[in-house]
Amino acid sequence: MSATVGNSCVLTCPSKSNITMVTWKISPKVGGPCTLGYRADQNKSDRTNCSDSMNWKFRPDRDPALEIWQVGIDHEGNYTCEVVATEGNFHKTYHLTVLVPPRLTMYCDDHGNPVCKATAGKPAAQILWVLESNSTPKEEGHDNGTVTVLSTFTAHSTNVTNTTCIVSHPAGNRSMTIACHPPDNNGFILLVSITLCFLSIIIFMAVIYYFKLHSDRLCLNTKPPETAPTHSPQDDTMEVEPYTTYVQKENVIYNSVSDLTVGQNLPQGLSPAT
């Protein structure tokens, strides 16, 4: 038995009169087992380790059917109903398979080829093309048991514009159409041209800078050396003469003052020697 994820699912039990006891034993693939039981003599039902997403659909003494609300992948597993009645013991087992419909998308790749993608389907979807194609689908499995299928359309004729992809799946079939065009090479050529022009400008500026730097070094190497200024003895004489004249004038003044002082201190009748 199969159920689509997100929908409700009802599992029935053998319908018998004068039911004494009913027990649902559930062994999911994920998680531990659970039980749901009913005893007619006590008119009582109990549950052990069962989630709130599953319960009796009706009164168990009348119809012991089990209902699962919003089926999920974790509900997948074995379900066994055991009935005890005055007529005897009966049981019925289900193997519940949960279907997950894939998400369908289409796009055009870098080469202008249509790509059809069926994402996270359970089981894996089958991809077909309306027109003949030699494409090989690629599958990718996921941890939760779903599978993604990818198929690229390769046309034998380049005149194909609209392409239709059909996804076949137990949960339902879907189709989608897309129009892809070959890539335009003009944009690529323009980009290459701009790049080459930019590189040429950089190289040209580098060459100019190199020759300018080289020419500056040549100018520095060919500049004549500077000669030290000559210093003649005559210049030394000219620098010393003002000092000599000054000393001579000082000596004359000093001698005159000395003679005057001596003359004043001598006794009368004596004159200073010259």
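It should be noted that the structure appears before, not after, this text.
The following refers to the structure shown. (Residues numbered from 1 in each chain as written. Predicted model: local features only at pLDDT ≥ 70, side-chain atom pairs only at ≥ 80, totals over all residues. Heavy atoms only, no water.)

### Points about the overall build of the protein chain
Thinking step 1. For the protein chain, the count of helices and strands is 2 helices and 16 strands.
Thinking step 2. Counting only residues that meet the buried cut, the protein chain has 24% of its 274 residues in that class.
Thinking step 3. Element-wise, carbon and sulfur atoms account for 56% of the exposed surface of the protein chain, whose accessible area totals about 19400 Å². (Helix = DSSP H or I, 4+ residues; strand = E, 2+ residues; numbered from the N terminus. Buried < 20%, exposed > 50% of the residue type's maximum accessible area, 1.4 Å probe, protein only. Areas by Shrake-Rupley, 256 points an atom, 1.4 Å probe, with all protein chains shown as cover.)

### Let's talk about the pattern of salt bridges
Thinking step 1. Tallied over the entire structure, the rule returns 6 salt bridges.
Thinking step 2. In this structure, the salt-bridge partner of Lys-57 is Glu-67, at a minimum N-O distance of 3.9 Å. Residue Lys-57 is found in the loop between strand E6 (54-56) and strand E7 (66-68), and its partner Glu-67 is found in strand E7; the two are separated by 10 residues along the sequence.
Thinking step 3. Among the salt bridges present, the one from Lys-122 reaches Glu-76, with a minimum N-O distance of 2.6 Å. With Lys-122 in the loop between strand E11 (114-121) and strand E12 (126-129) and Glu-76 in the loop between E7 and strand E8 (77-85), the pair connects residues that are 46 residues apart, well separated along the chain. (Salt bridge = Lys/Arg side-chain N within 4 Å of Asp/Glu carboxyl O.)

### Observations regarding the state of the cysteines
Thinking step 1. In this structure the tally under the stated criterion is 4 disulfides.
Thinking step 2. In this model Cys-13 forms its disulfide with Cys-81; the gap between the sulfur atoms is 1.4 Å. Taking the sign of the torsion about the S-S bond as the criterion, the disulfide between Cys-13 and Cys-81, at about 120°, is right-handed. Within this pair, whereas Cys-13 is found in the loop between strand E2 (9-11) and strand E3 (19-28), its partner Cys-81 is found in strand E8, the two being separated by 68 residues in sequence. The same class applies to Cys-13 and to Cys-81, which are both buried.
Thinking step 3. With a sulfur-sulfur separation of 2.4 Å, Cys-34 is cross-linked through a disulfide to Cys-50. Every disulfide takes its handedness from the sign of the S-S torsion; for Cys-34 and Cys-50 that torsion is 95°, giving right-handed. (Disulfide = S-S within 2.5 Å.)

### Side note on the packing of aromatic side chains
For any two aromatic rings, the description comes down to two numbers: the centre-to-centre distance and the angle of the planes.
Thinking step 1. The full count for this structure, using the stated rule, is 2 aromatic pairs.
Thinking step 2. With 6.5 Å between their ring centres and 25° between their planes, Trp-24 and Tyr-94 make a pair best called stacked. Within this pair, whereas Trp-24 is found in strand E3, its partner Tyr-94 is found in strand E9 (residues 88-99), the two being separated by 70 residues in sequence. In this structure, Trp-24 and Tyr-94 share a single accessibility class: buried.
Thinking step 3. Between Trp-129 and Phe-153 the ring centres are 5.1 Å apart and the planes differ by 55°, which places this aromatic pair in the tilted class. Note that Trp-129 is positioned in strand E12 and Phe-153 in the loop between strand E14 (147-152) and strand E15 (162-168), a separation of 24 residues in sequence. (Phe/Tyr/Trp six-rings, centres within 6.5 Å; stacked < 30°, edge-to-face > 60°.)

### Thoughts on the pairing of E12
Thinking step 1. A one-sided burial pattern is seen for E12, the buried positions being Ile-127 and Trp-129 and the unburied ones Gln-126 and Leu-128.
Thinking step 2. Bridge count for E12 against E15 is 4 bridges, and the pairing is antiparallel. Note that in E15 the partner of Leu-128 across the bridge is Ile-166. (Pairing = 2+ DSSP bridges.)

### Side note on a nonpolar patch on the surface
Thinking step 1. A surface patch of nonpolar side chains, about 460 Å² in accessible area, is lined by Val-192, Leu-196, Phe-198, Leu-199 and Ile-202.
Thinking step 2. Tracing the chain through its elements places Leu-196 in helix H1 (residues 185-222). (Patch = residues over 30% accessible without salt bridge, like charges linked within 9 Å, V, L, I, M, F, W, Y side chains within 5 Å.)

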